[in-house]
Structures are given as structure tokens and as C-alpha cells.
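# Observations on chain architecture
One letter stands for each residue in the lines below.
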Amino acid sequence: MMVYFMPYYKRAKLLYAFIFTLLIAFTPIANAASSAVHIKSADLLANEDSYALSTDFDIVLSPVIEDALSKGIPLTFLIEFQLSTPRKYWFDDEIITQSQYLTISYHALSRQYLVVRNGRQQSFANLQQAKEEISNIKSWTVVDKKLLKKGETYIAAIKVRLDQTKLPKPVQVEAIGSNDWNIASELYRWTPVIAF
Amino acid sequence: MRYIVLITAILGSGLLYLLAQSGSSVSGADYTLLLGLNIAFATALLLIIAFQLSRLFKQIRARVIGSRLTLRLLGAFALMAITPGVIVYAVSVNFLKHSIESWFNVKVEAALEGGVRLGQSSLDSMLADLKQKGDNMALNLAFQPTNSQLTVLNDLREKSGVQDAVLLTMQGKILAFSSNDATTFLPATPSLDQLRQARLRDFGIIEPIAGKGLYLRALIPVNMNDIGGETRILQLLQPVPKQLSDTAEAVQNVYQDYQELSLSRESMKQVFALTLTLVLMLAMLTAVSVAFVLSRRLSSPLGVLADGTRAIARGDYETVLPVHGNDELGVLVQSFNSMTKQLGDAKQAAESNRARVEAARGYLETILAHLSSGVLALNDKGELRTYNLTASNILGVVLGHFSGHPFEKVGQEFPHLKNLTDLILQNANETNLNEWQAEIEIVTTQGQRTLLLRGTRLPYSADSGYLLVFDDITSMVQAQRDAAWGEVARRLAHEIKNPLTPIQLSAERIEHKLSSKLDAADSEMLKRATETIVAQVDAMKTMVNEFSEYARAPVLNLVNLDFNALVRDVLELYQPVGISLEVALTKQSLNLLGDATMLRQVLHNLLQNAQDALDGVKSPKIEVVTMINANQIQLSVADNGAGFPMEMISRAFEPYMTTKRHGTGLGLAIVKKIVEEHQGNIAIENVKAELAHQTGAVVLVSLPMNKTAPKKRIVKPKKVEQA
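Residues numbered from 1 in each chain as written. Chains lettered and ligands numbered in written order. Predicted model: local features only at pLDDT ≥ 70, side-chain atom pairs only at ≥ 80, totals over all residues.

### Concerning the overall build of chain A
On a plain count of helices and strands, chain A comes out with four helices and nine strands. Along its sequence from the N terminus, chain A presents helices and strands in the succession α-β-β-α-β-β-β-β-α-β-β-α-β. Restricting to contacts in chain A with at least 6 residues of sequence separation, those with at least 24 account for 63%. (Helix = DSSP H or I, 4+ residues; strand = E, 2+ residues; numbered from the N terminus. Contact = placed C-beta atoms within 7 Å.)

### Notes on the overall build of chain B
Counting its secondary structure elements, chain B contains 19 helices and 17 strands. Taking contacts inside chain B between residues at least 6 apart in sequence as the whole, the part at least 24 apart equals 62%.

### What about the packing of helix α16 (residues 596-613) of chain B against helix α18 (residues 667-677) of chain B?
Each pair of packed helices gets described by two things: the angle between the helix axes and the distance between those axes. All names here are of chain B. Their axes nearest at 9 Å, the elements α16 and α18 cross at an angle of 145 degrees. Remark: the crossing between α16 and α18 carries left-handed chirality. Residue-level inspection shows Met598, Gln601, Val602, Asn605, Leu606, Gln608 and Asn609 of α16 in contact with α18, the latter providing Gly667, Leu668, Ile670, Val671, Ile674 and Val675. Classifying every residue of the contact of α16 with α18 gives eight nonpolar, five polar and no charged. (Axes fitted to C-alpha atoms, helices over the stretch in contact; angles between N-to-C directions. Left-handed = near helix turned anticlockwise from the far one by under 90°. Nonpolar A, V, L, I, M, F, W, Y, C, P; charged D, E, K, R; others polar.)

### Observations regarding the confidence of the model for chain A
Residue and element names in this part refer to chain A. Looking at chain A, pLDDT values average 80 and 82% of them are 70 or higher. Scored below 50 in pLDDT, residues 1-6 makes nine contacts in the model with residues more than four places away or belonging to other chains. Per-residue pLDDT stays below 50 along residues 28-32; that stretch engages in seven contacts with residues further than four places along the chain or on separate chains. (pLDDT = per-residue confidence, 0-100.)

### Some points on helix α13 (residues 474-514) of chain B
Compared with the 60 Å implied by 1.5 Å per residue over 41 residues, the 57 Å span of α13(B) between its first and last C-alpha is a close match. Those residues of α13(B) that fall on the buried side of the exposure criterion are B:Thr474, B:Asp482, B:Ala489 and B:Ala493. (Expected span 1.5 Å × (residues − 1). Buried ≥ 20, exposed ≤ 12 C-beta atoms within 10 Å, placed from the backbone.)

### Topic: the confidence of the model for chain B
Residues and elements named next belong to chain B. Confidence in the prediction of chain B, expressed as mean pLDDT, is 81, and 90% of residues score 70 or more. Per-element confidence in chain B ranges from a low mean pLDDT of 41 for helix α19 (residues 717-722) to a high of 88 for helix α9 (residues 328-370). Per-residue pLDDT stays below 50 along residues 711-723; that stretch engages in 19 contacts with residues further than four places along the chain or on separate chains. Two numbers describe this predicted complex: its pTM, 0.50, and its ipTM, 0.71.

### Comments concerning the sheet that holds strand β16 (residues 681-686) of chain B
All names here are of chain B. Spatial ordering of the open sheet is given by β12-β14-β15-β17-β16, a layout of five strands whose pairing is mixed. The sheet is open, and its two edges are formed by β12 (580-584) and β16, each paired on a single side. Strand after strand, the sheet turns through a mean of 15 degrees between neighbouring axes, direction not considered. Both strand β15 (residues 632-639) and strand β17 (residues 697-704) contribute to a ladder of seven bridges, which runs antiparallel. From the neighbouring strand, Ser636 faces β17, where its bridge partner is Leu700. Against the sheet, helix α15 (residues 563-573) touches β12, β14 (621-629) and β15, its axis set at about 170 degrees to β14. (Pairing = 2+ DSSP bridges.)

### A closer look at the interface of chain B and chain A
Put simply, an interface is often sized by how much accessible area is lost when its parts join up. Counting residues at the interface gives 33 residues for chain B and 27 residues for chain A. Those elements that place two or more of their residues in the side of chain B that touches chain A are α2 (28-61), α3 (67-103), α4 (106-142), β3 (203-209), α7 (242-263) and α8 (265-314) of chain B. The element that contributes the greatest number of residues to the side of chain B that touches chain A is α7(B), accounting for eight residues. Its residues placed into classes, the side of chain B that touches chain A shows 19 nonpolar, twelve polar and two charged.

### Brief notes about the pairing of strand β5 (residues 112-117) of chain A
All names here are of chain A. Summarising the sheet, strand β4 (residues 93-107) and β5 pair through six bridges and their orientation is antiparallel. Bridge pairing links Ile104 to Val115 in β5. The sheet contact formed by β5 and strand β6 (residues 120-124) spans five bridges and is antiparallel. The residue bridging Leu114 from the neighbouring strand is Ser123, located in β6. Connecting β5 to the antiparallel partner β6 that follows it, the hairpin turn spans two residues, and Asn118 within it adopts a positive phi of roughly 50 degrees.

### Some remarks on the sheet that holds strand β1 (residues 36-46) of chain A
All names here are of chain A. One open sheet accounts for three strands, arranged β1-β2-β7; its pairing is antiparallel. Two strands close off the open sheet at either side, each with one partner strand: β1 and β7 (136-144). Taken pair by pair, the neighbouring strands of this sheet meet at an average axis angle of 25 degrees, ignoring direction. Bridge count for strand β2 (residues 50-60) against β7 is six bridges, and the pairing is antiparallel. Directly across from Ser50, in β7, lies its bridge partner Asp144.

### Digging into the packing of α15(B) against α16(B)
Residue and element names in this part refer to chain B. Running from N to C, α15 and α16 point in directions that differ by 55 degrees, and their axes come no closer than 10 Å. As summarised for this structure, α15 and α16 are arranged oblique, according to the angle between their axes. Between α15 and α16 lies a crossing of right-handed hand. Contact with α15, carried on its side by Leu566, Val567 and Val570, involves Ala596, Leu599, Arg600, Leu603 and His604 of α16 and no other residues of that element. Grouping the constituent residues of the contact of α15 with α16 by class yields six nonpolar, one polar and one charged. (Parallel < 35°, antiparallel > 145°, perpendicular 65-115°, else oblique.)

### Describing unusual backbone geometry
Positive phi, close to 50 degrees, is recorded for A:Asn118, a residue that is not glycine. For B:Ala630, which is not a glycine, the phi torsion comes out positive at approximately 50 degrees. With respect to the helices, strands and loops of the structure, B:Ala630 is situated in the loop between β14 and β15. For B:Ala630, a count of 7 C-beta atoms within 10 Å puts it in the exposed group.

### So, the environment of B:Leu216
All names here are of chain B. Locating Leu216 in the fold gives a position in strand β4 (residues 213-223). Considering only alpha carbons, one finds Leu216 and Pro239, 23 residues apart in sequence, at a separation of 5.9 Å. Not counting chain neighbours up to four residues away, the residues in contact with Leu216 comprise Met126, Leu127, Leu130, Ile206, Gln238 and Val240.

### Overview of the environment of B:Leu73
Residue and element names in this part refer to chain B. If you trace the backbone, Leu73 turns up in helix α3. For the pair Leu73 and Phe292, spaced 219 residues apart in sequence, the C-alpha separation works out to 8.4 Å. What Leu73 contacts, discounting residues up to four positions off in sequence, is Ser295, Leu298 and Ser299.

### Re the environment of A:Ala156
All names here are of chain A. Summarising the element assignment, Ala156 is placed in strand β8 (residues 155-162). Note: C-alpha distance between Ala156 and Ser84 (72 residues apart in sequence) is 6.4 Å. Ignoring any residue separated from it by four or fewer positions in sequence, one finds Ala156 in contact with Leu44, Leu83, Trp190 and Pro192.

Here it is as C-alpha cells:
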């Protein structure tokens, strides 16, 4: 090795430089126009023997993602809901966790945006309609009344994010460490009013 | 270390395999994990190598044998492993980038897009065709009464060859439904939005229906001509021919795949480059680790050899180095071992040889030391090389001070030995190899000594030089002289004694016969003359008796006696006038086997001599001392007279040696004879008390003690006298 002929400290320097370069090369550069999901509202509404979640959120897609979508790459969003009982000195006691996938994709032949929810496909002429469709969830039955006790305080939380594992393989590679593809809402927590 | 490297190599190759596979099949999260694992692994390897390197450099600084070779081998191995690796890496990264780039060219993209567009336009034309059919049907339907709509719709549908035809209200309520497909009970209804759009004009849509494939949906407003004038919507649903839809879908899928790849091409390049880099790093680090192990293995016999060398340097020939293998280094170690063994044997042989030589030399030295002759050896430069103790004693010089110095220095420092050294050196310088012999007299503190010298040149060799052997023959000469004198005295006494009695008798007879015949005056003269003759003959008789006494054969009457008592006895009788007598007798009993009469005579003679020496000396003094010295009874009689003349001192015991005006000169000769008959020694020394300005002579007599004699049987001197 060439390094052999250099003094020891020089070699060390070279090594550090190499590692540093590696780190720099694979550090994602923050994109200014980034995608985001913002949960506007969420609530639990009582049905006969269960509670249903209604939520409304905004999905903002960056030009990169919109472009990718328009080229046929499907985006799958994962909506996760969790109901728990707060505990003072320990992790909250989880009552139930539910999740739902929403896939939005572009069908080039028909020039339609397709939304798949629970295996049901809908088509929309433009992206705005499709986004509206997926960002509005009504009466998603999430928790059985039997699981809840009277007088107990519960905390509900909801999170929406792009599921990167559902992306096509090459895009997954692209998505590694990329801000564009890291689309997730903040955790939305609220205390639902439980009425029996 | 070896095992660590082995384990890391196996681990690394596993990780590398996974990483190489990951480019196509593993998901992003797994890929990230693999990447992290690989980086962690590379870091671990780096740490190991750094640790090894630092250890190696420490060893080099500490000058551990083999460490430099290890570094060199390591460098060579690493170079061998890394150079091709780097080249392959550079080429493959470059190749990869170019080939990835080559996938995405404008033509392919344009062709794919064109394909998609082709599909779109053919679908569009089919949709337009469907819409046209719909328009015709709508026109027909518009003039039909409501009750016959279903049959008309069915006819129209059959005629136009459409699969589904539905007549709907604006609210989406189904008025009539006709289908080619018997299995369909309910038609797929359009959405409200679509209905709203269809109210104004024709609306066509290509719709992928899940599980059924592509469908063409045309919504056409039907303006009924009846009273209500209400607008109806005719929906025609026609599946795209399967072949066309499949082909179009295939094109679309390829286009989509292409777009996916195109989208991620930069990151793919990065990922492949990163994978390659990691592969390179892992391979190289592993290579370096392996190189470490190899170079350590190669250089370890050197360390062993170095240890062996150090052991030999310490003089340890017992160490046997462990043999590593049967390669050249192993052979080297083996030959080193055999060399060590030979060295050890040689050293042992040299050691035993040296010991033998040492023993021989010691033996020779012992012989030399116990030799009664003095031995001197000079080297070729005339320097004193070897001497023995006897030589020092005879010469009265500590020869050790001159060892290695020129021999003539002895003569320079001690002038009385000058003629001796001159004689020796003169003979030594001569080149003849013959022996020579000479007698020389030197004057020492013990008086004049006669030395017999024999010298010879040593044969020419490394130890050549000159050897000199000499003996103090003073006593031998003395003995010869004594024996001669004794013989002379005996014969003379005999010869003289014979005529003395006739002379005496004749003189007495002359007086007796003639005194009466002579007158008074003559008779008186005759009487005086005869008296003189008789007196002189008596004197002569005494003298002759003394001679014969001296010359007589030793007949001793030996008894046990106390020497102190004997001395006291004699001193009692001996009270000289005007001389102070100092007596110091030891309190120990001095038992002696001797002849009391003889010993009395010894004491008497010594005291008489001392007294004679004190004639005309101021404050004369005689000291008589007895003591025990080295199991010998020692008697010293000292005076403070003039002492003996130096030339006399060695011959003081010879008969007729006297400084006195009267006396026979036999006194000391007799003393010596008696002392020697008692196995004793006698010596005379001049006192050299220069500080006190004193002179004088000391006569030292040593006599052997009789230890075996019991005290009770000691015979008192007086009784001996009486006996």
C-alpha cells in the first residue's frame, strides 16, 4: 500500500479524510420544498357498539414527489391510530392499535389517479380530487366499546406517513435518507370524550 | 489474532454477499441495516488494524527483532492486495456509472413514452367511437316512449355491439339496463360528479376497474322529447379488447419501471459505488489483517533466532529453539540449534582445557614455591617474569615489586645485589645456550651469604627467556668449613698433646736433677724457667683440650629439664661488676630435652661474649630474654656494645674468628655446635636501633620444646649437677 511509505500521522489523517468524505457523500442534503402531512382534526365518534375515527388532514407533495407520482410510482400512506391509557411513571398502557393503508397512483393509459382504500379502487381525473379523497377519513371503526371502561381517561393518537417499504425497490433506494420521500405527519394526540 | 482475522473474513464475506445481493432484491430498510453493519464491521477492522499497527510501531521503536521485517512484509502483502483491488475498484465504479447512464438514454425514454401515448390515442379513438355510438343511440332513445325504452335500449345495444348500456336519471337512478354479459345483474354506475359533467355534453372516460381490466365508459345526455323534457343519461360500458389492454398495460408497466429506475438512477449509482467502496474497503482491510497474520508468522522465527542469539551472547548454550517447520526458516533454526550445540561443546572443551592448563600451572607453582632453590625467570627483554618465594627470601628483596620490570632495577635499588644482577644479566645477554654456573657472595642483613647460581637460556619459543636457579650455600660452606676445622683441631690436638707430657716431665726432671747442683741464682732461674715451661705446657694442654672439646664427637646426655630454671641458675652465679643485667623470662614453663652441662656452657659462653663486648662501653647492659615462638624455646642475649663487624657476622661461628685480644675464638663455635646438637638454631644480628643511637648485637638461640614430657619428671638442674 502506498500509505506505507508515509509517516504514521499522515496515514491517520488520510484515513480520517476518507471517512469524512464518505460521511459527506451520503448525507442527504435538505430540500427546501419538502413534502408534509398536517393533521387538521381528528375525533372519535360513538356508534352503537364501537367508536369510529374521523379525521381530516392535508397532504402537501413536493414537486419531486408529484413528478414521481405522475410517472406512475404509487404512494402508499399509512394511517396509524392508537388508543392508550396514560400512566404516571411508566409507559402508557396500550388499548388498541389500528392501521390503514391508502394508496394513490397514476394510471397513465387512462390518465386517471387511482386511490385504493381497503382494496376498493376509485379513480379521479386529477390529483387534487384524489388527495381530497384520501385526506378525509370518515367513520373508520377503530375500537370496540367493550375494550373501554367507564371513568377512565384515554389518549388517542394518530399519525399519517408515507410507507417507504411499499415503494418500488429502486425508489426505496432513492428514498434512503432523502427528505423528499420522508413524508410523515407529527403525532396528533387528543383526549377523546368517551360516552357510553 | 489469527482467529479474529478468520472470523472477520468470514463475517465480512457474508456481509459483502448480502450487500451485493441487496442492489436488486433487499428493501431499503434492510439495505440501510446492511450498510450500517458493513460500516461497523469495516470500523472494527480498521480499529484492529490500527491497534496492530500501533503495536508494531511500538515494537519497532523498542527495536524488537523481526518487527521491521513484519512491517516490510506487511507493506508488500498489502501492496499486492490493494493495488489490484484499487484498479478493479476504479474500473468497476467507472464502468458501473457508464452502464447505468447508458440504460437511460433519450431514445428509450421517447420510445416508451410514444408507446404509452399510442395506447392512449388508440384508447381515445375507441372512446370516441363509443361516444359516437352513444350519440346515435341517444338520438334513437330520445324519441322512444318511456315504456319501450328497455327494449329499444336492448336493440340498440345489440346493434352497436356494446357490452353494457344503462339509462340513468340525473340522480343516478337506473331506468333501463341492458347487458351482453349474462352474469351482470347490476351495472357499474358512474359517480355523481361524472353525471353532472355528462349533463352538458358527452363525457367519455377510460377507467381501470379493479379485477375487470380497462373499460371505456361513455356518458351521453339523452334529451327526452316527452312532456317532462327531463334529461336522461345513457351510459355505455365497453371493455377494451383484452389483447390491446394487455399490450397497453405492458407498455405502461415498462414505462413505469423505466421511470422508477430513472428516478433512482443517481441513488443507484451512489448505492452501487458505496457497495463497491465497502467491498473494496472490507476486502482490503481483510487483506491487510491477513497480511498482518502472514507477516507475523513469517517473521516470528526471526524473533526466535534473535532470542537464541541473545542467549548465546549471555553465554547460555543450553537453549534449544523450537523448530517451526521444514521450510528454509525452519532449516535455519535447525542449523542455528546445531551451531549453538557445537559452540557449547567447543566452549566446554576450551573450559576443560583451560582448567587443565590452570591445574598444571598451579602444580608447577606449588613445586616452585616449595623448592629450596631460588628460581628466577627473565624474558627476552630482560624483564623479571617468574620468581619463587625462596628467591625472594634468599635475596631478602620483595621480588613481587619488580615483576614485569627490567631485572637491572633490582640492582639499582639494592646496591648490595648489584654484582649479582650484573652477573646474571651479563650471562643472560650472551647468546650461547650453554649452562653456566657461578658462585657469588652477597652481603645481606644476615651477613655475607654465598650463592651458587646456575643459569640457562630457555629454548626459543613464545616463552623463551632466561632461567636462573640459585641456592644459598652459606650453611653448606660453613658446614664444610666446620668439619674441616674439627678435623684439623682433632689432629692438631692429638699431635700437640703427645709431646706435651714428655716436655713437662722433662722440664720437671731437669729442675729436680739440676737445681741442687747449681748455685742459688742459677737454680732460681732454672726454677723460673721450668715453671714457665710447665705453666705454658698446661696452657697448651687446656687449649688443646678445648680444641678436642670442639672437635669431639657429640655425646649428649639428654634429660628433661626446665630451661628457665637453668637460665636462672646460671645467672645466679654470674654477677658481673658494673653491668646492668636485665632478665625477662617467660612465665610459661619451657620444657626441654637437653644436656644441662652443655646448655650451661652455651649460656656461659654467650654471657661471657656479651660481657667482653661491653668493654669500655658507657652504661653497659645485658638483656636476657626467654619466650616461646612457634613452638620453639627462644633465648636472646643482647648487649649494647659495638656489635659485630659486618664481614665477621657470617663467620662468627667459625673457630678462631674473634675480635677479642685474648680468647681462643672457639666460644661461639662451641655454642653453635651444642645448639645444633640439640636440633636448635643460632643466629647473630646487629641491633639497628638507629633512633636511639644504639648499637649492639643480639644472639638468638631457638631450641625445640619437649611437649611430651610430663611435669613431674622434670629433673631439676641442681640434681643434674650433683649427678
